[in-house]
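Residue strings, one per chain:
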Amino acid sequence: MAGGERKRRRRKLQLSKLFTLSSAKACFKPAHSQIGRTGFSRVVYCNQPESADYCDNYVRTTKYTPASFLPKSLFEQFRRVANFYFLVVGILSFTPLAPYTAVSAIVPLTFVILATMVKEGVEDWRRKQQDIEVNGRKVGVHQGNGHFDLKEWKTLRVGDILKVEKNDFFPADLVLLSSSYEDAVCYVETMNLDGETNLKLKQGLEVTMSLREEVDFRDFEAFIKCEDPNANLYSFVGTMELKGEKHPLSPQQLLLRGSKLRNTEYIYGAVIFTGPDTKVVQNSTEPPSKRSMIERKMDKIIYLMFLMVVSLAFLGAILFGITTREDYQNGVMTRWYLKPDDSTVFFDPQRAPLAAVCHFLSALMLNSYFIPISLYVSIEIVKVLQSIFINKDIHMYYEEADKPALARTSNLNEELGQVGTVLSDKTGTLTCNSMEFIKCSIAGRAYGCGVTEVEMAVGNGIEYAVAAEPVVKGFNFRDERIMNGNWVKETDANVIQKFFRLLAVCHTVIPEVNEDTGKISYEAESPDEAAFVIAARELGFEFFIRTQTTVSVRELDVVTGGRVERMYKVLNVLEFSSARKRMSVIVRDEDGKLLLLCKGADSVMFERLSGNGREYEEETRDHVNEYADAGLRTLILAYRELDEREYEVFTERISEAKSSVSADREALIDEVTEKIEKDLVLLGATAVEDKLQNGVPNCIDKLAQAGIKIWVLTGDKMETAINIGFACSLLRRDMKQIIINLETPEIQQLEKSGEKDVIAEALKENVLRQITNGKVQLKASGGNSKAFALIIDGKSLAYALEDDMKYIFLELATGCASVICCRSSPKQKALVTRLVKTGSGQTTLAIGDGANDVGMLQEADIGVGISGVEGMQAVMSSDIAIAQFRYLERLLLVHGHWCYRRISKMICYFFYKNITFGFTLFLYEAYTSFSTTPAYNDWYLSLYSVLFSSLPVICLGIFDQDVSARFCLKFPVLYQEAFNHQGKPAGRDIFGGTMYTCVVWVVSLQMVLTISYFTVIQHLVVWGSVVVWYLFLTVYGSLPPRVSTDAYMVFLEALAPAPAYWITTLFVVMATMMPYFIFSAIQMQFFPMSHGTIKLLKYEDQCNDPGELELVRQASVRPALVGFTARIEAIKRSVMRSRQTGP
């Protein structure tokens, strides 16, 4: 019952009337004249979904469909050059040219292809399961006769009328019809789309405001014409025809899929775009087929190996042709054992050239063992198991939300060890969308003893009295001078009272009173707003009631010392916008005074102060700079008293501006507000901490030490992004900020006049000039990128990304230590990612948590989704999902480092063992006058890669560790290292068995020398492979001759009893191992890499020696330019300079 009363009380608030600048009045604009033409041809019959023939609302993120899986997956497999080569060899094996049976060639290839396809199918099925979860969510849909039933999202059709409840996501793009409020307004959280934390106020048309109950839709019919599906999130043009009248539709009525309903009990809306037609999906791209850099390089190595195979086959063919032509001497065949008399072509001396061609083809097949057919499938197996280790890593498990890391694809594991640039979203990725009031400056005096995360990071050794976790969410302020009513004892108590009174009144927050406990909670458009109101309450100014036109506050009376209730009549709210950078309210207090209360960014507020209102300006500016250094978000608070005549003039002019239907309506409103928001009296400044996720500064610092650059791409405004840059140490005060934007007064004036083409050209020239000036500054500094940070807004970025300018922009950006792109659309995020990927040649990693990050995640070499509060769209489009940004440190520095080294070693070892094996075949072929007679039994050939040499190398790829996880994190420099790195002739069966034994021993012992970290499993598989070979020789040789053929009793009767067999094996193994062993010893002793140095330190128990650790850190080829370590170094340099210049 209490909840129902509260709901009815809230519904009585007609919030649109509070906002002077809200676009409640619908008006036709020039764009509406395009309705019905190309690009504006969509027709929607509201409440009649069967009348429209558009796509359904099913959204998929899978790479394959049931129909495309087989052809697309086969294409993926055979675009790998090795697989294609073995396919050709397999086809040729069915011809008489083959030196071995067709089965021995086809079976391994089939196994490799099927294993990889199964792995791809399993990974895509996981994506399918997530798609099923999202598409299976339910929402209320009008079924006729005024009844709404729950239906799955995927069943929605264009024209359906939906009822969306509070805190639910919109399942499609809707036109807002009405809401739980009488004037059809609702709050929408678009953080999932554009990264903005402040809520957007949407409002339905006046003609549909009355549709507030389900039964009202029984006979509702409307006809909507609007723009066709497009990717622009911030524009919408359409008309609604209802009861014979046309009404204009604008973005004010558009509710986008992926955004969330907040602070509103429910809304009713009509579906206009579904599934692939929705704007958020239009901003995404098809899931790409990503291949790692190592895999692409591996293809080049295979091309080289193929060239070597062709060369060997060509050489053998020439020599074979010469030998065959000279085979017939004095009527006798010198190579009688090849039975040339029975041959038709292969050994016919009369047709030696043709025999040489046939030999060339046979040799191509025989020498195919130089190319490791099991390489790809072995790498696939290793990557899957590596992914399981990533998924099971307890150090990347977020217990609070019960979310482990999830490698959604295993194709890119080794890419994690080669990342050069991280492109990160801000909201929900770096921050946790939680603001805390922590400090303030009032009347030129600083208050607040709290310590920010940045201050703790920079302190690094300084003892701070760190406050405990705040008892009240949003309030982390500690200062006894003004807490508990002590502010009345301060010298400037009058100013302090006005300061907190402004915080309690100047906002659009809605209070909710719990009827059972009496406690008040607040629902605000942004976390900042809520933090301010909570701070005012905790310091004695409790906002507790909002009516249609009043705000009530309980505050401490300075005279009596008791609590009194004061009511302020709200006359106008001049709302915040990114252009205005401020918000004001005009109120009348109980004494009849007219007050304009204003809060905003320092860049616009100080210039609006009156001559006698600047008493505390100098001190306040100093405090604001200190707060910015501490990573805090600041606002300036000021006020002025209005006289009646001035307010009457303002009311008259603002009414005229709001009633205008011209295209410059917004400009007229801005002009009126500019005239009244002036001559202000400064009160002070607030400082709130936009709470970073736990461990973000430390993670960024470690990544910077590892040589990884970090770009922030956010849809948030520039000031917010800069504050976060300071908070996470991407920016610091001694950095020179190169700011590129088009929000200057000159540009805004230019946009109000002239033709669009002329304006666009002028804006482009302006951006180019700013970029060029930035490059000049960078060059003048001598390339010292430590001193520069690039900050660019979305409008400028649109021009900077054009083909004739993007590489100039990239050159400037890569020369800076930090890059922050503000007001970036999802498309721009993807384009920036593509530019960095293609222009710099570095491996890029994009990380984000919202639907607005999907394009960026898919465009990057590696897409990492944050499985936070933003739904599942980013995770579903990512390659790897983690719960917190801080886990990126372990993902890259530990798993990335290990996976890269493991895969690199594994590939090198695979080619080593196959080249070793292949040359024994080639040398034996040369010994047999290039007759393409294989040295080994067919099953020896088939099982070499599968049974006798693959398991050890697979274990190397899974378990090997050059250094432990602790040292990977302790020494980020490790991440920077790349891998830039005569007797009686025996029979063929005996000779082949001896060579094969030597090969097995050599490749196994080479594995022993390669492994850095032994486990029991590795010992079992390495030595087990040797044992299995001897068991195979014994068992297979004991089978009847019709099965074992030329391997019959070879080991038991010929090899094992012969001392020469064992001596030869020992000599060959030692001779082949010695060069690598000597090389490794010399490198470790005299030219060690960082991981080698660390292993020596660990062996000598010097891992905690500060001097030794500093030597390792100095080995970094790319010193950290950002992070709190860089900040500390900058402070040290500053102190040293001040000492040198001192007396």
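Cut-offs and rules
- Numbering of residues starts from 1 in each chain and follows the order in which that chain's sequence is written.
- Only residues with pLDDT of at least 70 get local features here, since the model is predicted, and only at 80 or more are side-chain atom pairs given and counted; chain-wide, interface and lining totals rely on the full set of residues.
- Excluded from the side-chain calculations are hydrogens and water; all other atoms, namely the structure's heavy atoms, are used.
- Pairing between strands is defined by DSSP: at least two bridges between them are needed.
- Elements are defined by DSSP. Helices are runs of H or I of four residues or more, strands are runs of E of two residues or more, and each kind is numbered from the N terminus.
- Where helices are involved, their axes are fitted lines through C-alpha atoms of the stretch in contact, as for all axes, and angles between N-to-C directions lie from 0 to 180°.
- Only residues above 30% relative accessible area that lack a salt bridge enter a patch, with like-charged residues linked at up to 9 Å and the nonpolar side chains Val, Leu, Ile, Met, Phe, Trp and Tyr linked at up to 5 Å.
- For the area figures, the Shrake-Rupley method with a 1.4 Å probe applies, and any residue is considered shielded solely by the protein chains shown.
- Think of a salt bridge as a Lys or Arg side-chain nitrogen and an Asp or Glu carboxyl oxygen that are within 4 Å of each other.
- For the exposure calls, accessible area comes from a 1.4 Å probe over protein chains only, and a residue counts as buried if that area is under 20% of its type's maximum, exposed if over 50%, partly exposed in between.
- Any angle from 65 to 115 degrees is called roughly perpendicular, while one under 35 is roughly parallel, one over 145 is roughly antiparallel, and all others are oblique.
- Should the near helix be turned anticlockwise from the far one by less than a right angle, the crossing is termed left-handed; should it be turned clockwise, right-handed.
- Here, residues are in contact when the closest pair of their heavy atoms is within 4.5 Å.
- Amino acids outside the nonpolar list (Ala, Val, Leu, Ile, Met, Phe, Trp, Tyr, Cys, Pro) and the charged list (Asp, Glu, Lys, Arg) are all regarded as polar, and Gly is one of them.
- Here a cavity denotes a set of grid points, spaced 1 Å apart and computed over the protein atoms alone, in which a 1.4 Å probe fits but from which it cannot get out, and a pocket denotes an open set meeting protein on both sides within 12 Å along at least five of seven lines; residues with an atom within 4 Å of a point are reported as lining.
- Grid points are joined across faces, edges and corners, and a volume is the space filled by probe spheres set on the points.

Undergrad: Mind showing me how you'd approach the sheet that holds strand S7 (residues 200-203) here?
TA: Strands belonging to one sheet form pairs held by backbone hydrogen bonds; the direction of such a pair is parallel or antiparallel. Read from one edge of the open sheet, three strands run S7-S6-S12, paired in antiparallel fashion. Since the sheet does not close on itself, it has two edges, and those belong to S7 and strand S12 (260-262), each with one partner. Geometrically, the sheet is characterised by an average inter-axis angle of 45 degrees between neighbouring strands, direction not taken into account. Pairing analysis gives three bridges linking strand S6 (residues 185-189) to S12, with the strands arranged antiparallel. Counted as the bridge partner of Glu189 is Lys260 from S12.

Undergrad: Help me understand a nonpolar patch on the surface, please; the structure alone is not making it clear to me.
TA: On the surface, Leu1009, Leu1066, Met1070, Met1074, Tyr1076, Phe1077, Ile1078, Phe1079, Ile1082, Phe1086 and Phe1087 cluster together to form a nonpolar patch covering roughly 1100 Å² of accessible area. At nine residues, helix H34 (residues 1059-1086) tops the list of elements feeding residues into the nonpolar patch. Following the sequence through the fold, Phe1087 ends up in the loop between H34 and helix H35 (1090-1099).

Undergrad: Is there a simple way to think about the environment of Tyr1061 in this case?
TA: Its place among the elements puts Tyr1061 in helix H34. Overall, the relative accessible area of 3% leaves Tyr1061 in the buried class.

Undergrad: Help me understand the pairing of strand S23 (residues 550-556), please; the structure alone is not making it clear to me.
TA: The two faces of the sheet receive side chains in turn, since in a regular strand these alternate between them. Buried residues dominate S23, accounting for six of its seven residues. One ladder, built from five bridges, connects strand S22 (residues 541-546) with S23; its direction is antiparallel. By the bridge assignment, Arg546 is partnered in S23 with Val551.

Undergrad: Looking at this model, I keep getting lost on the packing of helix H2 (residues 69-78) against helix H4 (residues 102-135). Mind explaining?
TA: A pair of packed helices can be characterised by two numbers: the angle between their axes and the separation between those axes. At a minimum axis distance of 10 Å, the contact between H2 and H4 shows a crossing angle of 120 degrees. Put simply, H2 runs oblique to H4. The two elements H2 and H4 meet at a crossing, and its hand is right-handed. Touching Phe69, Leu70, Ser73, Leu74, Gln77 and Phe78 of H2 are Ile113, Thr116, Met117, Glu120 and Gly121, all from H4. Residue composition of the contact of H2 with H4, grouped by class: six nonpolar, four polar and one charged.

Undergrad: How should empty space enclosed by the protein be read in this particular structure?
TA: Rolled over the atoms, a probe with the dimensions of a water molecule shows which regions are left empty. The computed volume of the second largest cavity comes to approximately 180 Å³. Lining the second largest cavity are 18 residues, and of these Phe86, Ser104, Pro108, Tyr369 and Ile373 lie nearest its centre. Among the secondary structure elements, those contributing two or more residues to the lining of the second largest cavity are helix H3 (81-92), H4 and helix H27 (938-948). The greatest single-element share of the lining of the second largest cavity, amounting to five residues, is contributed by H27. Looking at side-chain class alone, the lining of the second largest cavity contains 12 nonpolar, six polar and no charged residues.

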